[in-house]
Amino acid sequence: MRKMTKGFASALALTAGLSSAAMAEDVEVLHWWTAGGEAAALNVLKEDLAKQGIGWIDMPVAGGGGEAAMTALSARVTAGDAPTAVQMLGFDITDWAEQGVLGNLDAVAGPEGWDQVIPEALQAFSKHDGHWIAAPVNVHSTNWVWISKAALDKTGLAAPTNWEELIAVLDKMQENGITPLAHGGQPWQDATIFDSLVLAQGSDFYKAAFIDLDPEALGGEKMAAAFDQLLKLRTYVDSNFSGRDWNLASAMVINGEAGMQIMGDWAKGEFLKAGQKPGEGFICIRFPGTQGAVTFNADQFAMFNVKGEEKVKAQLAMASAIESPAFQSAFNVVKGSVPARTDVPDTDFDDCGKKGIKDLAEANTNGTLYGSMAHGYGAPAAVKNATFDVITAAFNGEYSDGATAAAALKDAVAAAQ
Amino acid sequence: MAALPEADFRTKLQDWLPKLVLAPSVAVTLFFVYGFILFTVVLSFTSSKMLPSWDFVGFSNYVRLFSLPHWHVALKNIAIFATLYIVICTAIGLMLAIFLDQKIRGEGVLRPIYLYPMALSFIVTGTAWKWFLDPGIGLENVMHQWGWESFSFTWIKSNTMAIYTIVLAAVWQSSGFVMAMFLAGLRGIDNEVLKAAQIDGASNWQLYRRIVIPLLRPAFLSAFVILAHLAIKSYDLVIALTGGGPGRATEMPATFMYSYTFTRKEMGVGASSAVIMLMTIAAIMVPYLYSELKEKKE
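Residues numbered from 1 in each chain as written. Chains lettered and ligands numbered in written order. Predicted model: local features only at pLDDT ≥ 70, side-chain atom pairs only at ≥ 80, totals over all residues. Heavy atoms only, no water.

(A) Representation of the overall build of chain A in the model. Along chain A, the regular secondary structure elements total 20 helices and 15 strands. Here the C-alpha atoms of chain A give a radius of gyration of 23 Å, agreeing with the 22 Å that 2.2 N^0.38 yields for 417 residues. Based on the C-alpha atoms only, the size of chain A along its principal axes is roughly 85 × 50 × 45 Å. Surface accessibility of chain A: about 16500 Å² in total, with carbon and sulfur atoms responsible for 54%. (Helix = DSSP H or I, 4+ residues; strand = E, 2+ residues; numbered from the N terminus. Rg over C-alpha atoms; globule rule 2.2 N^0.38 Å. Areas by Shrake-Rupley, 256 points an atom, 1.4 Å probe, with all protein chains shown as cover.)

Below you can see the structure in the form of structure tokens.
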């Protein structure tokens, strides 16, 4: 008995020793980057921190858009045990900031000049009440079209630059016997297409409708026109589209079963993995009519309030490591996105990445860089999902024309606010 | 004489032991079941968004809930699903049980075959049926490969028919279990009664219609209670089979509750939908249980 107690006591002491050692200078990170490439990209950050003697406690919660991760986070924060840093998108960050549980990164953001290099549209989410609360990792833009080079060459047409040319290409692809538009019928994918259609109606209109939530814009003629175009695009998808994951839709373009996909730049990773090269196997263009404007979706690490000087130091070191240009370049080359800072050299990026960096900088200077509604950067979750309901219903043929859909959108958004 | 106080202690202990042993589970149940039901009811009257808050807003969450077209879709779907699921499962279960009860050879082999789907989780059932029903890879594709080019079975991709694919998968999963319950009930029926009826010249049909099925009443009760609550809480099957789609065509109250509470950050609305679900099931079950159990006592 005595022996057992002793053994137990020493085991206890050992655990206590381990955990206190682990608590000295560690960051605990909640994220959903579990897929191969993403995990590899995150490793760059892990190694950076290890060099500074900061340990990394990984808390991955798998699941594409991070919904499961956000549920896990609510439980952790309610229990009073928030992680150091959490991967987060858009209005989620604002929501948590309003709960007063996020930390303050001004101590590194000020000296490192984040205000000058991070696009202002992003700062709206990374800052709360004038204080930095989150470190943006990357910028994805969502108004891209990925076209199979072979399928486009077969149509004999050039890459489309406006709606009419797009329809001409799609028609021709249909004649050639392939599915013109690869698409997966999930609400967020429908909404991703719709983001581009709304943006193509004019960047001011996008801002009025999806950022300012102006009822007149939401229910107006331009919105009706965007819905009509959505209904038109609906006719170019195959009959088996509903519920398909986005990467399977990308695979259809890669295999030559389909002509093009309208999707954010994370789709590029699928093409690269399949051994295709930009300009050879596939072509990347901005959605016709949206060149010059960008709808973005940025991954950020929101930093929670942590207690203890050592922990705060580790948190600040992590924030600083995230914003270092070397990490921004290394991470985003792997991830397919573009750096969250506009001053990172584009030398390591491929053609699509270079175009992405250039477009982002240009949109930032022209003030045409907007948060993507489909990805939680346009409006809070309740409104976002209300728009999803209408867009998905429209895509599945519940409204007879664009005008009815626009009226429904206006009502749904008003009800969700 | 000296043994008496000890005996006293023993009797006391015997009195107390059951209560003592049951106390922890009662406490845990009270807290984790009824406590959280109460918590949900309270939340449904607050303006909770992402996290619970204590700002009471009266019935406005319920007003908002019933103004949502999405909720009406969920209600319509659960009505279709629950009715068909309970009726078809009971019918098939009863039929299989009666057929298996004909003292046929190989019952020992057949029974587990029908029962085994229940051993799968709804997630597995949903995923398997999703592939099976998918026109691109499933039944339709196979028929096309076999040369039946005009064959078309696209329910799972259709807004109006997708809900019936959920019924199909759920019935496949649960009928065997209902069969087992009825089979147990059939085995419990006194053979003397049946023999007496046969001597009186009752036909097989009359035998089942007038004697066996009425005697199976307790089995019907258990089947109904189990199927009804499975139907109301059907979440995993919907998520695995259709993901609530196409569009939002197969949204159910349970998926609605999860998405509003956790992903749409409208915890108040989510809680009020949970309360409505609870009240719906209570409204069906309480009178039914009450009448069934009362009759037994009399």
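(B) Spotlight on helix H14 (residues 246–255) of chain A. Along H14(A), the positions that sit buried rather than exposed are Ala249(A), Ser250(A), Met252(A), Val253(A) and Ile254(A). Residues of H14(A) that are buried make contact with strand E8 (144–148), strand E9 (179–182), strand E10 (258–262) and helix H15 (267–273) of chain A. (Buried < 20%, exposed > 50% of the residue type's maximum accessible area, 1.4 Å probe, protein only. Contact = heavy atoms within 4.5 Å.)

(C) Focus on the interface of chain B and chain A. With 20 residues of chain B at the interface, the matching set in chain A holds 22 residues. Summing both partners gives a buried area of about 1800 Å² for chain B against chain A, and 49% of it is carried by carbon and sulfur. When the buried surface of chain B facing chain A is broken down by residue, Met50(B), Leu51(B) and Arg248(B) rank first, second and third, together holding 29% of it. One can count four salt bridges joining chain B with chain A. Where chain B meets chain A, there are 10 residue pairs in polar contact (both at pLDDT 80 or more). (Buried area = accessible area lost by both parts, 1.4 Å probe. Salt bridge = Lys/Arg side-chain N within 4 Å of Asp/Glu carboxyl O. Polar contact = N/O pair within 3.5 Å; in protein donor to acceptor, adjacent residues only side chain to side chain.)

(D) The arrangement of the layout of surface pockets in detail. In this structure, the second largest pocket spans a volume of roughly 750 Å³. Lining the second largest pocket are 31 residues, with Thr40(B), Met257(B), Thr261(B), Phe262(B) and Ala274(B) positioned closest to its centre. When residues of the lining of the second largest pocket are traced back to their parent elements, those giving at least two are helix H3 (67–78) of chain A together with helix H1 (3–43), helix H10 (217–232), helix H12 (253–263) and helix H13 (267–297) of chain B. Counting residues per element, the lining of the second largest pocket draws most heavily on H13(B), at eight residues. Partitioned by chemical class, the residues of the lining of the second largest pocket number 21 nonpolar, seven polar and three charged. (1 Å grid on protein atoms, 1.4 Å probe; cavity = no way out; pocket = protein on both sides within 12 Å on 5 of 7 lines; lining within 4 Å. Points joined across faces, edges and corners; volume = space filled by probe spheres on them. Nonpolar A, V, L, I, M, F, W, Y, C, P; charged D, E, K, R; others polar.)

(E) Region of the structure containing the state of the cysteines. Residue and element names in this part refer to chain A. The full count for this structure, using the stated rule, is one disulfide over all chains. A sulfur-sulfur distance of 2.0 Å marks the disulfide that ties Cys284 to Cys352. Given an S-S torsion of about -105 degrees, the disulfide between Cys284 and Cys352 has left-handed geometry. On the criterion of sequence distance, the pair formed by Cys284 in strand E11 (residues 282–286) and Cys352 in helix H18 (residues 351–366) is long-range, its members being 68 residues apart. Cys352 shares its class with Cys284; the two are buried. (Disulfide = S-S within 2.5 Å.)

(F) Layout of the domain arrangement of chain A. All names here are of chain A. If you check the domain split of chain A, you get domain 1 (26–140 + 297–356) and domain 2 (142–296 + 377–416). The distance between the C-alpha centroids of domain 1 and domain 2 comes to 28 Å. Of the residues lining the interface, 21 residues belong to domain 1; the matching set on domain 2 comes to 19 residues. If you sort the residues of domain 1 by the area they bury against domain 2, Phe91, Cys352 and Lys355 come out on top, with a joint share of 35%. Counting across the domain 1 and domain 2 interface gives one salt bridge. Between Lys268 and Asp350 there is a salt bridge, with the nearest N and O atoms lying 3.1 Å from each other. Summed over the shared surface of domain 1 and domain 2, the result is six residue pairs in polar contact (both at pLDDT 80 or more). Looking at the side of domain 1 that touches domain 2, the elements that each hand over two or more residues are helix H4 (90–98), helix H7 (120–126), strand E7 (138–141) and H18. (Domains from an automatic or database assignment.)

(G) Structural context of the sheet that holds strand E3 (residues 85–88) of chain A. Residue and element names in this part refer to chain A. Judged by pairing direction, the sheet is mixed, and its five strands sit side by side in the order E2-E1-E3-E13-E6 without closing on themselves. Each edge of the open sheet is held by one strand with a lone partner, namely strand E2 (55–60) and strand E6 (134–136). Neighbour to neighbour, the strand axes of the sheet diverge by 25 degrees on average, direction disregarded. Sheet topology places strand E1 (residues 26–31) next to E2; six bridges connect them, and they run parallel. The residue bridging Asp26 from the neighbouring strand is Gly55, located in E2. (Pairing = 2+ DSSP bridges. Axes fitted to C-alpha atoms, helices over the stretch in contact; angles between N-to-C directions.)

(H) Just empty space enclosed by the protein, in detail. Residue and element names in this part refer to chain A. Applying the stated criterion to the full structure yields three cavities of 30 Å³ or more. Looking at the largest cavity, its volume works out to about 40 Å³. In terms of lining residues, the largest cavity is bounded by Val338, Pro339, Arg341, Thr342, Val344, Ile357, Leu360 and Ala361. For the lining of the largest cavity, the secondary-structure elements that each account for two or more residues are strand E14 (338–339) and H18. Its residues assigned to classes, the lining of the largest cavity shows six nonpolar, one polar and one charged.

(I) A look at the nonpolar core. Residues and elements named next belong to chain A. Formed by 66 residues in total, the largest nonpolar core has its most connected members in Leu45, Trp96, Phe301 and Met318. Sorting elements by how many residues they give to this core places helix H16 (residues 309–322) first, with seven residues. When residues of this core are sorted by domain, at least three fall in each of domain 1 (26–140 + 297–356) and domain 2 (142–296 + 377–416). Residues within four places of Met318 in sequence aside, it is in contact with Val27, Val29, Leu45, Leu49, Trp56, Ala85, Phe301 and Met303. Core analysis: the next-biggest nonpolar cluster, separate from the first, contains 57 residues, Trp163, Leu166, Leu199 and Leu409 among them. (Core = buried A, V, L, I, M, F, W, Y, C linked by side-chain atoms within 4.5 Å.)

(J) Fine view of unusual backbone geometry. At Asp129(A), a residue that is not glycine, the phi angle is positive and equals roughly 55 degrees. Taking the relative accessible area as the measure of exposure, Asp129(A) reaches 68% and is therefore exposed.

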